[in-house]
Amino acid sequence: MKKAVLVILMVLMVIGGIFAEGQKDDGKITIGYTFHSAQDVFQNQLKEEFVKAAEAKGWEVKVIDPLLDIEKQVAAVETFISLGVDAIGISPLDSQGCIPAVKMANDAGIPIVSVNARIDPSAGEFVYVGSDNYDAGKMEGEYIASILPQGANVIYLQGTPGMDHSIKRRQAIMDTVIDARPDVTLLADQTANYDRAEGMMVMEDLIQAFPQFGEGDALITANDQMSLGGLEALKGAGISGVIIGGIDGTDEAKQNVKNGTFAITVLQDKAGQAQTSIDTIEKILNGETVDGDVMVPFVPITKENIDEFM
């Protein structure tokens, strides 16, 4: 009789193990997080801040780097769902391309937070935690427009096409510089995909294409990495005195503001976005209702206030 009971218990344990496969059973909160790529300086720092904020609460974070591939990012969300995570954070590569990821998470009953960049509202239920990217471009553009000489030339380097922040930052520059200053000439408006090396290569080509570009003109970009790449190209061509602006508030960009090489960088608060994302997830997991967007403001950094950030 004892032997029969033992066999039954062993069978039940095996069956239980099968049903529990891939599921968490330790009671610990586990969050899935997928972003753009570890090669993206800001995105990698944002990921590190997200993990740090989660671990400070005793949570575990499973990170998948999709290497700038939207299909891999959607697959990452599918993996998180199969692992039974409690919530998912995603910094979307494409506002439209991430729609299937949101739908899968909704179907699985797992809350999903869009961090730093928006997903198309038609995707389903999610919370956006980040900043108003139009504001970032507006801050950058208005400041540069205020110091740009009459009749200056402008080169604009866009972020990756299709990304919500790329679209909004560019629109703000068009509104605050190109449209607001009809005396200004837009020589070029093309992408360098938020990448420093690509920013340098694109700028090298543009310097060759537009030999009139030089002192008193402006290089405006959608992030600091492209501005830094563009600066390298300008130095290589022996061009100085160009008004340069970027977005992110990286340490290197701030140093360039300090020494006068950059006119402006707009601080994107990665620590604030990460902490707010984790706090928002905690509220959702505790059954609280989070309506609408949760915003973390941008801050312009110029020669007037640089000492506050160094």
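Residues numbered from 1 in each chain as written. Predicted model: local features only at pLDDT ≥ 70, side-chain atom pairs only at ≥ 80, totals over all residues. Heavy atoms only, no water.

Draft legend 1. Fine view of the overall build of the chain. A count of helical and extended segments in the chain gives 10 helices and 12 strands. Projecting the C-alpha coordinates of the chain onto the three principal axes gives extents of approximately 95 × 35 × 35 Å. Buried positions account for 49% of the 310 residues belonging to the chain. Excluding contacts between residues fewer than 6 apart, the proportion of contacts in the chain whose partners are at least 24 apart in sequence is 73%. Of the roughly 14100 Å² of accessible surface on the chain, 53% is carried by carbon and sulfur atoms. Here the chain contributes 23 positively and 46 negatively charged side chains, and the mean placements of these two sets differ by 7 Å. (Helix = DSSP H or I, 4+ residues; strand = E, 2+ residues; numbered from the N terminus. Buried < 20%, exposed > 50% of the residue type's maximum accessible area, 1.4 Å probe, protein only. Contact = heavy atoms within 4.5 Å. Areas by Shrake-Rupley, 256 points an atom, 1.4 Å probe, with all protein chains shown as cover. Lys, Arg positive; Asp, Glu negative; His and termini not counted. Charge placed at Lys NZ, Arg CZ, Asp CG, Glu CD.)

Draft legend 2. Representation of the environment of Ala87. Examined against the element boundaries, Ala87 turns out to sit in strand S3 (residues 87-90). In this structure, the C-alpha to C-alpha distance between Ala87 and Tyr128, residues 41 residues apart in sequence, is 14 Å. Once you skip the residues sitting within four places of it in the chain, Ala87 turns out to touch Thr30, Ile31, Gly32, Ile110, Pro111 and Ile281.

Draft legend 3. Spotlight on the sheet that holds S3. Here six strands make up an open sheet; going across it, the order is S2-S1-S3-S4-S5-S11 and the pairing parallel. The sheet is open, and its two edges are formed by strand S2 (60-64) and strand S11 (294-295), each paired on a single side. Bridge analysis of strand S4 (residues 112-115) against strand S5 (residues 127-130) gives three bridges, and the strand direction is parallel. Within S5, the position partnered with Val115 by the bridge is Val129. (Pairing = 2+ DSSP bridges.)

Draft legend 4. Summary view of the nonpolar core. Leu148, Ile155, Met203, Leu219 and Leu234 are the most contacted members of the largest nonpolar core, which totals 50 residues. When residues of this core are assigned to their parent elements, the largest contribution, five residues, is made by helix H8 (residues 224-236). Filtering out sequence-adjacent residues up to four positions away, Ile155 remains in contact with Leu187, Ala188, Met203, Leu206, Phe213, Ala218, Leu219 and Ile220. With 20 residues, the next largest nonpolar core counts Ala54, Trp59, Val113 and Ile281 among its residues. (Core = buried A, V, L, I, M, F, W, Y, C linked by side-chain atoms within 4.5 Å.)

Draft legend 5. View of the sheet that holds strand S12 (residues 299-301). Strand order in the open sheet made by the six strands is S7-S6-S8-S9-S10-S12, with mixed pairing throughout. Looking at which strands have only one partner, the edges of the open sheet turn out to be strand S7 (185-191) and S12. Each strand of the sheet is rotated relative to its neighbour by a mean of 15 degrees, with strand direction disregarded. Across six bridges, the pairing between strand S6 (residues 153-158) and S7 is parallel. Pairing of Leu157 across the sheet is with Gln190, part of S7. In the packing of helix H6 (residues 164-178) onto the sheet, the strands contacted are S6, S7, strand S8 (218-221) and strand S9 (243-248), and the crossing angle to S6 comes to about 170 degrees. Strand contacts of H8: S6, S8, S9 and strand S10 (264-267), with the helix running at about 150 degrees to S9, the strand carrying the most contacts. (Axes fitted to C-alpha atoms, helices over the stretch in contact; angles between N-to-C directions.)

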